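Commentary on secondary and tertiary structure
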Amino acid sequence: MKLSFQIVDTAALRTLVVDINSLVIAGWVGRDVAATEHHIEELAALGVKRPSTYPLYYRVAADLLTQAPQIQVLGADSSGEAEVFVFCSEREMFVSLVSDHTDRKVEAQGVAISKQVCAKPVARSAWRYADVAAHWDDLILRSTIEENGRQVVYQEGKLSALRPPPELIAGYGRSVGTQGSRLPEGSAMSCGTLSAVGGVRPARSFTMELFDPHRHCSLTHRYAVEVLPVIS
């Protein structure tokens, strides 16, 4: 899946086209065990079974990635999740945003299956990981949804609540019998999410942001959701 990013760094804007052929979604990645348990309980209320362990790493079809402004979903049971998106190109790691948009009804039947059901919207801009690594924990991940005609905060918190990418990448490597804290060229990882404010729920639009308070800049992406009818 070819994705195009505007790379925002200290030099100048430049465009990077990346061919992603391998996508991994890291789940249950909280550093705080209590917070992770809260997210597990949040999803358990929707019928989602507890993970066998955590973090877990789900291989997902790379062609689910999209930078389109709208996605189509079957039925009204899906919702977005803002997550950091990391990928490697030209021997360097980059940071962007992705929404692990998930069908919650299917998730209650099986998390791995639900990861394959919905498109995964990706932002069109990215940072060099090297530019934010030193203050990674201070970055703020947030999302808003359209609800009752207004935008409301859906998720918000510092990345200090989540395991950092090198740790997740190394953990995935161990799970498949490889070593290292860098992704191979053409690979990408979605690095986990924060609990939803007010609970997990669908919305007609989803906006996500990664804010850097040190450099006073953000990566953002918004997409609309078109619900297709379920016909039986």
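What this report covers is the structure whose coordinates are included nearby. (Residues numbered from 1 in each chain as written. Predicted model: local features only at pLDDT ≥ 70, side-chain atom pairs only at ≥ 80, totals over all residues. Heavy atoms only, no water.)

Brief notes about unusual backbone geometry
Positive phi outside glycine occurs at tryptophan 28, with the angle close to 60 degrees. In this fold, tryptophan 28 is placed in the loop between strand E3 (22-27) and helix H1 (33-44). You will see that glutamate 90, though not glycine, has its phi angle at about 55 degrees, which is positive. Tracing the backbone through its elements, the reader meets glutamate 90 in the loop between strand E8 (82-89) and strand E9 (92-99). Look at glutamate 90 and you get exposed, because its relative accessible area is 56%. (Helix = DSSP H or I, 4+ residues; strand = E, 2+ residues; numbered from the N terminus. Buried < 20%, exposed > 50% of the residue type's maximum accessible area, 1.4 Å probe, protein only.)

Here we look at the pairing of E9
Counting buried positions along E9 yields seven of eight residues, so the element is predominantly enclosed. Bridging between E8 and E9 involves eight bridges; their strand directions are antiparallel. The partner of valine 84 across the bridge, within E9, is leucine 97. Between E8 and E9, which pair antiparallel one after the other, the connecting turn spans two residues, and glutamate 90 there sits at a positive phi close to 55 degrees. Relative to strand E12 (residues 125-128), E9 is paired through two bridges, and the arrangement is antiparallel. Counterpart to valine 95 in the pairing with E12 is tryptophan 127. (Pairing = 2+ DSSP bridges.)

Quick notes on the side chain of histidine 135
Within the secondary structure, histidine 135 sits in the loop between helix H4 (129-132) and strand E13 (140-147). Ignoring anything within four residues of it in the chain, the contact list for histidine 135 reads Asp212 and His214. (Contact = heavy atoms within 4.5 Å.)

Topic: the sheet that holds strand E4 (residues 56-60)
Strand order across the open sheet formed by eight strands is E2-E1-E12-E9-E8-E15-E3-E4, with mixed pairing between neighbours. Looking at strand neighbours, the two that pair on one side only are strand E2 (14-19) and E4, the edges of this open sheet. Each strand of the sheet is rotated relative to its neighbour by a mean of 30 degrees, with strand direction disregarded. Lying over the sheet, helix H5 (residues 165-175) contacts E3, E4, E8, E9 and strand E15 (187-190), oriented at roughly 80 degrees with respect to E4. (Axes fitted to C-alpha atoms, helices over the stretch in contact; angles between N-to-C directions.)

With respect to the packing of aromatic side chains
Following the criterion strictly, the structure yields seven aromatic pairs and no others. Centroid distance phenylalanine 5 to phenylalanine 87: 4.6 Å. Interplanar angle 20 degrees. Geometry classified as stacked. Of this pair, phenylalanine 5 sits in strand E1 (residues 2-7) while phenylalanine 87 sits in strand E8, placing them 82 residues apart in sequence. Assigned by exposure class, phenylalanine 5 and phenylalanine 87 land together as buried. A ring pair is formed by phenylalanine 85 and phenylalanine 87, whose centres lie 6.0 Å apart and whose planes are at 45 degrees; its orientation type is tilted. Per residue, the accessibility class of phenylalanine 85 equals that of phenylalanine 87, and both read buried. Ring pairs connect the aromatic residues Phe5, Phe85, Phe87 and Phe94, which therefore count as one cluster. (Phe/Tyr/Trp six-rings, centres within 6.5 Å; stacked < 30°, edge-to-face > 60°.)

Structural notes on the pairing of strand E6 (residues 70-74)
For a regular strand, side chains alternate in direction, first toward one face of the sheet and then toward the other. Side chains Ile71 and Val73 of E6 all project onto a buried face; the interleaved residues Gln70, Gln72 and Leu74 project onto a face where none is buried. Where E6 lies against strand E17 (residues 217-228), five bridges are found, and the strand directions are parallel. If you follow valine 73 over to E17, its bridge partner there is valine 227.

A look at the sheet that holds E13
Where strands meet in a sheet, backbone hydrogen bonds hold them as pairs that are either parallel or antiparallel. Spatial ordering of the open sheet is given by E6-E17-E16-E13-E14, a layout of five strands whose pairing is mixed. Taken across any chain shown, the strands that pair with only one partner, and hence form the sheet edges, are E6 and strand E14 (150-158). Ignoring which end each strand starts from, the neighbouring axes of this sheet average 25 degrees apart.

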